[in-house]
Each structure stands twice: as C-alpha cells, then as structure tokens.
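Breakdown of the fold
Residue strings, one per chain:
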There are 2 protein chains.
Amino acid sequence: MNAGIGENPNREPCPDCLKLGKQLCFPLYACSREIVKKYKPYLDKLGLTYTQYITMMVMWERRQMSVKELGECLLLDSGTLTPLLKKLEQKGFVTRKRAHTDERILIVTLTEKGKQLAAKAVSIPDQMRSSLPLTEEEIRLLHSLLYKMLSKTVRGEAPKRQSP
Amino acid sequence: MNAGIGENPNREPCPDCLKLGKQLCFPLYACSREIVKKYKPYLDKLGLTYTQYITMMVMWERRQMSVKELGECLLLDSGTLTPLLKKLEQKGFVTRKRAHTDERILIVTLTEKGKQLAAKAVSIPDQMRSSLPLTEEEIRLLHSLLYKMLSKTVRGEAPKRQSP
DNA sequence: AACAATTTTATTGCATCCAATTAAATTAAT
DNA sequence: ATTAATTTAATTGGATGCAATAAAATTGTT
C-alpha cells in the first residue's frame, strides 16, 4: 500500500538500484582484492605477486605455453603478460623463446627452478581455503556460480557481424 | 581401483591442489575483471571509470563522506582514493574540503552535477544484471556468499596482540 | 604546557590491467 | 610473386591498488 509515496519527500533519494549494497559487482570486486591481499604474505615468501602466481600455476600444469595460450587461460592480454613474463624470466622461473616454426609466437617454458617452486607453493591453497569463513560446500557452490558467470554472456558476445 | 598409480609415471606432475581450475581465487579474480570490463561502455558515457562509479554510488547514497568513511565503504585506502577523488572533483561531481572542526578530515560532498549524474546511471544496474548468464536466484545466492566471504576472517584478523 | 601516541590524508614506488596502436611474421587472395 | 588481411607480441598511456612512509592535526598523559 502507498507504493513508494511518503518514503521519498523531495530530496532526490538515491534509487534503490543504485545503492552499493544492491550490486553484485561490488562484493565481487572487493572479494577479489581481499583474497589477493590475503595471499600476499604467502606469496612474498616465494617472491611472486598474485598475478605471477596464477601464471606459474598454469606453467606448473602445462610446462610450455605461448603467450596467447596463457592469455586465454588467465583472461589476460599481452599488455599485462609481456612485462609480467619478463619479470618471471628475470627471476629464473621461466624462459621466453620464439617458436622456430612461427616467429610471431613466443613460447614460455618452465625452468627447473620454476618447477621447484611448486613444492614451496603446494601448501598455500589449503591454508587459504581453511582461512575462509565458508564451508566446503559453500566454496564448491561459489566456485560453480563463478564459473557459470564466466562461461557465457559475460565474456564473448563480441561484435558478431553475421548470423549465428 | 589403482589409486593414482599409472596416472603419474615420474614426471613431477602438478599436484591437483595447484591447478588453476581447483582454485576459488581465480574465478573470483577473473569474474571481477570481466564484470568491470563489461561496465566500461556504459560508464564511458558517464565519463567514469569503474572505481569512480562505485565511489559515486556511495556519494549518491550519502551525499557527504570523509575519505576515511569512503575507504571503509569501498575497502580502499587513501593511496587509491586521494587521486581518484581529485579526478572526480576535476570533473565537477564532488567537492573536497577540510572539516572545520578537525583539519585532518577531508569531507567529500556531492555536487549538483554529481547528483544529476545518478539519473544517467540509473538504468545501468538492470542492464548489467540481465546480461549475466545467471538467474535472479543465483545472483542472490552469489551475492550472499560473497558478502559472507567478506564478512569475517577474510578481512580483519589483524595482528591482535592481546587476547580477545 | 609539553610530549607522546594516534588519527587522517597525502605521497611515492611498484605491479598490474586494459584500450589502442604498432610492428613483425604468416597466410590468403589475386 | 605481390599485395592484402590476419595473427601474435610488444609498446604506450591512463587509472588503479597497495605497502610504506611522511606530514599535519588532534588527543591523551604526565
């Protein structure tokens, strides 16, 4: 009853939909930063930043990747990856070499030192996970919702000049 | 049967726990960036970046805030907010003045122009929401899980020198 | 009052991120 | 074979984020 009237005299209220607390984007953005911050003390011991860490994660799993493939895995472009990979190379964790068959392609390869770093990192995921105020079930649920969010409309949906 | 043997000859496999796909942090980090990217075309029309947008959201709601309070709302510190607020001031959306009673405190105030910007922003949240590959129910669930994640252990848990 | 501790912003430096542009190599078309 | 289009990295410029430090004002203590 009295739909909205009375609530809102004349002082240009903030529409409900524009309130920070109503947004999905904000907790996503804030959580992401808080989690990265939470990783820092652990990653400092490895000499990695968070972005370098997830890059190494891909390298531990795949050993060799082009910059393009890395970008597809991490959803990052060369503007981010090029300087980051140069730093990982400086630290001796990867090498960067052009492919013989196609000089455009830069192949990133895990070094022995990079491989050994995995051993030092192996305890991190559990420590992080157990420090979250979420149950295992909630973590699984969150994981799947986030991947669902990443899967379709969010990305892609590029220009698409023609019909499907 | 054959628990794990055969899967893994001798070539230092990547432990499962270190795989990118097993992490919660990565989809969180990636989603956050993808969502911000998705906002860009809308926010470009308003002349705002994403961080400026959520700052304006707080200002639309509260009208006046100190930098410290803004930082608490947005989980950002002065290193980020100071230059950002100077830009919002340059664009004429807010003013920045010291409090008379305490010169340390900088009061950020929404201007008329800033207030009017809300009208242009009001359609954005719905457009963003409807472009997500999630149901309303899933969005609510995600929202609550993210806030739960933000609530406790994730932040805070500072040094805590004494007993509770 | 004088000094110490605290609070609040601002500054600095480093590492992303991303859009836009460039450059080099390769492939496709004529 | 040339030229045109495409692909892949690198570069550039603008805006964060954040840790660490500094600076100014205020508050608390003696």
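Before reading further, recall that the structure is shown in the block above.
Just so it is clear, the structure is predicted and the values come from calculations on it, not from any experiment.

Moving on, we get to the protein's contact with DNA strand C. Near DNA strand C you find 30 residues, and of these Thr49(A), Thr51(A), Gln52(A), Tyr29(B) and Ser78(B) are the closest. Note that a phosphate oxygen of DNA strand C is positioned 3.0 Å from one of the side-chain N or O atoms of Thr82(B). Within the side chain of Arg104(B), one N or O atom sits 3.1 Å away from a base oxygen of DNA strand C. Among the elements of the structure, helix H2 (50-62) and helix H4 (78-90) of chain A together with helix H1 (25-46), helix H3 (67-74), helix H4 (78-90) and strand S2 (94-98) of chain B are those that each provide at least two residues to the surface near DNA strand C. Class assignment of the residues belonging to the surface near DNA strand C gives a composition of seven nonpolar, 10 polar and 13 charged.

Under the 1.5 Å per step criterion, the end-to-end length of helix H7 (residues 136-151) of chain A is 22 Å for 16 residues, consistent within 8% with the ideal 22 Å. Glu138(A), Ile139(A), Leu142(A), His143(A), Leu145(A), Leu146(A), Met149(A) and Leu150(A) are the residues of H7(A) that are buried. Contact partners of the buried residues in H7(A): helix H1 (25-46) and helix H6 (124-130) of chain A together with H1 and helix H7 (136-151) of chain B.

Once that is clear, we can look at the pattern of salt bridges. Residue and element names in this part refer to chain A. For the structure shown, the criterion picks out 20 salt bridges over all chains. Of the charged contacts in the structure, one is a salt bridge between lysine 115 and glutamate 112, with a shortest N-O distance of 3.0 Å. Note that lysine 115 and glutamate 112 are positioned in helix H5 (residues 112-121) at a spacing of three residues, about one turn of the helix. Under the relative-accessibility criterion, lysine 115 is labelled buried at 19%. Where salt bridges share partners, they join Asp16, Lys19 and Lys22 into one cluster.

Moving on: the relation of the copies chain B and chain A. In the superposition of chain B on chain A (RMSD 0.1 Å, axial shift 0.0 Å), the rotation amounts to 180°. Such a combination of turn and shift is consistent with a two-fold rotation axis. Same-surface contact between copies: 98% of interface residues of chain B are shared with the interface of chain A.

With that settled, the discussion passes to the packing of aromatic side chains. Counted by the stated rule, this structure contains 10 aromatic pairs over all chains. Centroid distance Tyr39(A) to Tyr53(A): 5.6 Å. Interplanar angle 45°. Geometry classified as tilted. With Tyr39(A) in helix H1 and Tyr53(A) in helix H2, this pair connects stretches of sequence that are 14 residues apart. For the pair Tyr39(A) and Tyr53(A), one class covers both residues: buried. Ring pairing ties together the aromatic residues Tyr29(A), Tyr39(B), Tyr50(B), Tyr53(B) and Trp60(B), which thus form one cluster. Here the basic side chain of Arg33(A) rests over the ring of Tyr29(A), its NZ or CZ set 4.3 Å away from the ring centre.

All names here are of chain A. All chains considered together, the criterion is met by zero disulfides over all chains. With no disulfide partner, cysteine 17 has as its closest neighbouring cysteine sulfur the one in cysteine 14, 7.6 Å distant. Among the residues examined, cysteine 17 registers a relative accessible area of 31% and is labelled partly exposed.

Looking now at the sheet that holds strand S2 (residues 94-98) of chain A. Residues and elements named next belong to chain A. On the basis of which strands lie adjacent, the open sheet formed by three strands has the order S1-S3-S2 and antiparallel pairing. Looking at strand neighbours, the two that pair on one side only are strand S1 (64-66) and S2, the edges of this open sheet. Recorded for the sheet is a direction-independent mean angle of 25° between the axes of neighbouring strands. Direction of pairing for S1 relative to strand S3 (residues 106-110): antiparallel, over a ladder of three bridges. Of the residues in S3, the one forming a bridge with glutamine 64 is threonine 109.

Cut-offs applied
- Chains are numbered independently. Their residues run from 1 in the order of the written sequence.
- Numbering of ligands from 1 and lettering of chains from A proceed in the order in which they are written.
- For a predicted model such as this one, the threshold for reporting local features is a pLDDT of at least 70, and the threshold for listing and counting side-chain atom pairs is 80 or more; totals across whole chains, interfaces and linings nevertheless cover every residue.
- The side-chain numbers reported here are obtained from all heavy atoms of the structure, hydrogens and water having been left aside.
- Here a residue is near a molecule or strand as soon as one of its heavy atoms is found within 4 Å of it.
- Polar contacts, as counted here, are pairs of nitrogen or oxygen atoms within 3.5 Å of one another; within protein the pair requires one atom able to donate a hydrogen and one able to accept it, and residues that are adjacent in sequence qualify only if both atoms are side-chain atoms.
- Note on conventions: DSSP H or I runs of at least 4 residues are helices, E runs of at least 2 residues are strands, and numbering of each starts at the N terminus.
- Residues are sorted three ways: Asp, Glu, Lys and Arg are charged, Ala, Val, Leu, Ile, Met, Phe, Trp, Tyr, Cys and Pro are nonpolar, and all the rest, Gly among them, are polar.
- Multiplying one less than the number of residues by 1.5 Å gives the expected span of a helix.
- Exposure classes here rest on a 1.4 Å probe applied to the protein chains alone. A residue is buried below 20% of its type maximum, exposed above 50%, and partly exposed in between.
- Residues are treated as being in contact if the distance between any of their heavy atoms lies within 4.5 Å.
- Salt bridges are identified by distance alone: a Lys or Arg side-chain nitrogen within 4 Å of an Asp or Glu carboxyl oxygen.
- Only residues with pLDDT of at least 70 in both copies count here: their C-alpha atoms drive the least-squares fit that superposes the copies.
- Centre distance within 6.5 Å is the pairing criterion for rings of Phe, Tyr and Trp, where only the six-membered ring of Trp is used; planes under 30 degrees apart are then read as stacked, over 60 as edge-to-face, and the remainder as tilted.
- In this scheme, the term charge over a ring applies when either NZ of a lysine or CZ of an arginine sits within 6 Å of the ring centre and within 35 degrees of the ring normal.
- Working definition: a disulfide is two cysteine sulfur atoms within 2.5 Å of each other.
- When DSSP locates at least two bridges between a pair of strands, those strands are taken to pair.
- Simply put, an axis is a line fit to the C-alpha atoms, just over the touching stretch for a helix, and the angle between two N-to-C directions goes from 0 to 180 degrees.

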